[in-house]
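Residue-level structure breakdown
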Amino acid sequence: MQLALAVDGHSMFYSQQKLGWFFDPRRLMELASSQADLEVGSAFWYLGLKDSSDQRPFRDALTSLGFSVRTKPLREFGQDPEQRQYARANLEVEIALDLMAVSGRSDVVWLLSGSRDLERTVEVLRARGLKIVLINTEGMVPRELRNAVDRFWDLASLRPQLERSEALQAPVFSRNTP
């Protein structure tokens, strides 16, 4: 069975902040690849960028891991200095289009997002026979999205498999010091 993996970087950033730990994209890809009867057919990562050079090393690393990286410029809202300012890239359309494009050659979708705007996309994908697994954390997913999927996988339960740990990664190079 073919797996399509879609990671909403903006949504996942805030979910991981809430949890107090961050997952390693390499370990996410390893977890997906280790599932019995599943082969990663497509992997997408969606990012909002401040400018074209923003997060370049991270984007390059994602590409080398096998992710197709989709980006959009961040739009800032709340220009009044008294108001809270925030930025949004609104990548839900790109997520929906990519998942629809690969739906004919996929059996399962792992969706790492918390966007209510993806509810209809999930319903259409399920109607096409795909199994949808939503991966996020409690309190960061609207009820409508959670009810639309086949399975909810709490990110907190995946900490041992996914947590980014510098100690677990082999160094890129070694330097002998006296």
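Please refer to the structure higher up on the page.
What counts, and where the lines are drawn
- Residues numbered from 1 in each chain as written.
- Predicted model: local features only at pLDDT ≥ 70, side-chain atom pairs only at ≥ 80, totals over all residues.
- Heavy atoms only, no water.
- Pairing = 2+ DSSP bridges.
- Helix = DSSP H or I, 4+ residues; strand = E, 2+ residues; numbered from the N terminus.
- Axes fitted to C-alpha atoms, helices over the stretch in contact; angles between N-to-C directions.
- Contact = heavy atoms within 4.5 Å.
- Parallel < 35°, antiparallel > 145°, perpendicular 65-115°, else oblique.
- Left-handed = near helix turned anticlockwise from the far one by under 90°.
- Nonpolar A, V, L, I, M, F, W, Y, C, P; charged D, E, K, R; others polar.
- Buried < 20%, exposed > 50% of the residue type's maximum accessible area, 1.4 Å probe, protein only.
- Polar contact = N/O pair within 3.5 Å; in protein donor to acceptor, adjacent residues only side chain to side chain.
- Phe/Tyr/Trp six-rings, centres within 6.5 Å; stacked < 30°, edge-to-face > 60°.

A separate point is the sheet that holds strand β3 (residues 68–73). Taken in spatial order, the six strands of this open sheet run β3-β2-β1-β6-β7-β8, and their pairing is parallel. Taken across any chain shown, the strands that pair with only one partner, and hence form the sheet edges, are β3 and β8 (151–154). Averaged over all pairs of adjacent strands, the angle between their axes in this sheet comes to 20°, without regard to strand direction. When strand β2 (residues 39–49) meets β3, the two strands line up parallel, connected through six bridges. Bridged to Tyr46 within β3 is Arg70. Sitting on the sheet, helix α1 (residues 9–19) touches β1 (2–8), β2, β6 (108–112) and β7 (131–136), and the angle it makes with β1 is about 70°. In the packing of helix α4 (residues 92–102) onto the sheet, the strands contacted are β1, β2, β3 and β6, and the crossing angle to β2 comes to about 165°.

We now examine the packing of helix α2 (residues 25–33) against helix α3 (residues 56–65). At a minimum axis distance of 10 Å, the contact between α2 and α3 shows a crossing angle of 20°. Taken together, the axes of α2 and α3 are roughly parallel relative to one another. Seen from above, α2 lies across α3 with right-handed handedness. In this structure, α2 contributes Pro25, Arg26 and Met29 to the contact, and α3 contributes Phe58, Leu62 and Leu65. Its residues assigned to classes, the contact of α2 with α3 comprises five nonpolar, no polar and one charged.

What follows is about α2. Inspection of α2 places Pro25, Arg27, Leu28, Met29, Leu31 and Ala32 among the buried residues, and these make up the whole buried set. Each element contacted by the buried residues of α2 is listed here: β1, β2, α3, β6, β8 and α7 (159–162). For α2, the capping residue at the N-terminal end is Asp24, with a side-chain oxygen 2.9 Å from the backbone nitrogen of Arg26.

Looking now at the packing of aromatic side chains. What the rule picks out here adds up to seven aromatic pairs. Taken together, a centroid distance of 5.9 Å and an interplanar angle of 40° make the contact between Phe13 and Phe22 tilted. You can call Phe13 partly exposed: its relative accessible area is 36%. Overall, the relative accessible area of 26% leaves Phe22 in the partly exposed class. Ring geometry for Trp110 and Trp153: centres 5.3 Å apart, planes at 85°, overall edge-to-face. Of this pair, Trp110 sits in strand β6 while Trp153 sits in strand β8, and the two are 43 residues apart along the sequence.

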